[in-house]
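Coordinate analysis (summary)
Single-letter residue listing:
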Amino acid sequence: MKLIKKPIVIVGAGFGGMTVALNLKKLNPSLPILVVDSEAKFIFKPLMYEVLSEELSMWETAPEFSNIFSNLGITFLRNCLTKIRFDEKILEFCDGLNIGYEFLILCTGSVSNNFSVNGVDENCYFFNNLNDLKKLKSLLQRFQNNKTKKSLFVVGGGPSGVEIACKISDIYKDKFDISIVERSNEILGRNKIFNREEAEKALERKKIKVILNSTVKEISDQKISILDDSEIKDLDQDVVIWTAGVKPNLPYIDEQVTQKDGRILVNEKFQIENHGNSFAIGDISIIKGIEDLPLTAQIAMQQGNHLAKNIELLIQEKDLLPFDFEDNGEMISLGIGEASISALGVTLSGKLAFEARRLIYASKMPDISKSLKSTASWLFQKNPRLMTLFIKNRKQI
Ligand SMILES: Cc1cc2nc3c(=O)[nH]c(=O)nc-3n(C[C@H](O)[C@H](O)[C@H](O)COP(=O)(O)OP(=O)(O)OC[C@H]3O[C@@H](n4cnc5c(N)ncnc54)[C@H](O)[C@@H]3O)c2cc1C
């Protein structure tokens, strides 16, 4: 058994970091665990759309880290990592604090990627964190009493773009002409066919225009320039929401760390090359040999779960186990009270899928929201198929 003299430090308490911390504490309650995050609250990102539409309130989806960790014997520190001195095993933080570690787990997630398109940072809204959510919500509310329709563009036809377009269309019914601009020839290109087809139907019902094979070249305060069939069109815009992609959030990483496609390269046990006591999981990492995993909460949580077991093995001086991803399917929100699910052999759409999605997510919240939990019993009585889906999902992630 290895003697632990310094804490196990987890930097970033999102889906990956939160899962490692909670599971590691369960496996070995005596371990000294320090979790550091630059924010005060966890944000359950898949439910941000429901906060925008006020189907859920902020407190239900964004619990305080201090409340989550304080009763579990895990120390939480709000601070921002700025540098790692791997040789000395020291972390430097933005307020000048230095902390030593026994094992380091990095999981600082991702930030919006502007892909160097001119005008994106100045003229677009984003939807990646709590600040983005608050900014977008207050902007959209300003249009509430408008008499004329405004032009709203969502750039990116992935899950975020489709989900946000559907939600805004349902909340602000006649206030916006909504268009999704997508570079490829289809929306949800990496998603399950059932969900894609359900999304296409929802977009048509809501009269959301989908502009395919089109690349955004520039955004000014009033125009969006789109390259389509080798011709540039300058269209009037009132709001542009940029959901075109993300990049790893790694301002503290230097050339000592091997990267691939801008992400930290790790082996299948999540160890960072040349730094065996340091690990990276979630959106910031890329696993040698399984490089095409999508950036999802589902994967970050599976990795967190696996890494907790591996750290415990390391402490017992046993061999670490390689990670194997299990695809448990996906869920997409398609407006107020609507969703689509394709998971574990079950496909479900409409209102029931919306409730199932909410419940499955509620079961994964670090401190399960009471109001979400309370709706569970009658829904399960109503639909045994939902119960099966819920149980399978809850157990497997
Ligand atoms: C709107 C939206 C909807 C989504 N919907 C889904 C979905 O339906 N299903 C799904 O599977 N995935 C979904 N995702 C993707 C999913 O949320 C991410 O893949 C997941 O959060 C990645 O987990 P992570 O632990 O790597 O990072 P995160 O969960 O982003 O956590 C990173 C944490 O690190 C902290 N941090 C960052 N930098 C520092 C620093 N320097 N020092 C200290 N702390 C730091 C941050 O404050 C944050 O708490 C969605 C994402 C968004 C934005």
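Quick note: structure is the one above.
The notes below deal with the structure included here. Here the structure is a predicted model, which means the values were calculated and not measured. (Residues numbered from 1 in each chain as written. Predicted model: local features only at pLDDT ≥ 70, side-chain atom pairs only at ≥ 80, totals over all residues. Heavy atoms only, no water.)

**Some points on the packing of aromatic side chains**
Throughout the structure, instances matching the rule amount to 11 aromatic pairs. Between the aromatic rings of Phe15 and Phe42, the centroid separation amounts to 5.3 Å while the plane-to-plane angle is 70°, which identifies the pairing as edge-to-face. Here Phe15 is found in helix α1 (residues 15-27), whereas its partner Phe42 is found in the loop between β2 (33-37) and α2 (48-52), with 27 residues between them in sequence. Classification of Phe15 by relative accessible area gives buried; the value is 12%. (Phe/Tyr/Trp six-rings, centres within 6.5 Å; stacked < 30°, edge-to-face > 60°. Helix = DSSP H or I, 4+ residues; strand = E, 2+ residues; numbered from the N terminus. Buried < 20%, exposed > 50% of the residue type's maximum accessible area, 1.4 Å probe, protein only.)

**Description of the site of the ligand**
Looking at the ligand, there are 29 residues lining it, with Gly16, Asp37, Asp283, Ala297 and Tyr361 nearest. Gly16 places a main-chain nitrogen or oxygen 2.8 Å from an oxygen atom of the ligand. Between Thr296 and the ligand, the recorded distance is 3.4 Å, taken from a backbone N or O atom to an oxygen atom. Relative to its unbound accessible surface of 1000 Å², the ligand loses 89% to contact with the protein. If you list the elements that add at least two residues to the shell around the ligand, you get α1 and α9 (297-315). (Near = heavy atom within 4 Å. Polar contact = N/O pair within 3.5 Å; in protein donor to acceptor, adjacent residues only side chain to side chain. Areas by Shrake-Rupley, 256 points an atom, 1.4 Å probe, with all protein chains shown as cover.)

**Comments concerning the side chain of Asn310**
Here Asn310 shows up in helix α9. Residues in contact with Asn310, not counting those within four places in the same chain, are Lys269, Leu320 and Leu321. (Contact = heavy atoms within 4.5 Å.)

**Some words on unusual backbone geometry**
Within the chain, Leu188 stands out as a residue other than glycine whose phi angle is a positive 50°. Within the secondary structure, Leu188 is located in the loop between β10 (176-181) and α8 (193-205). Overall, Leu188 belongs to the buried group, its relative accessible area being 1%. Despite not being glycine, Phe270 shows a phi value in the positive range, around 75°. Looking at the element boundaries, Phe270 is found in the loop between β18 (263-266) and β19 (271-272). Overall, the relative accessible area of 0% leaves Phe270 in the buried class.

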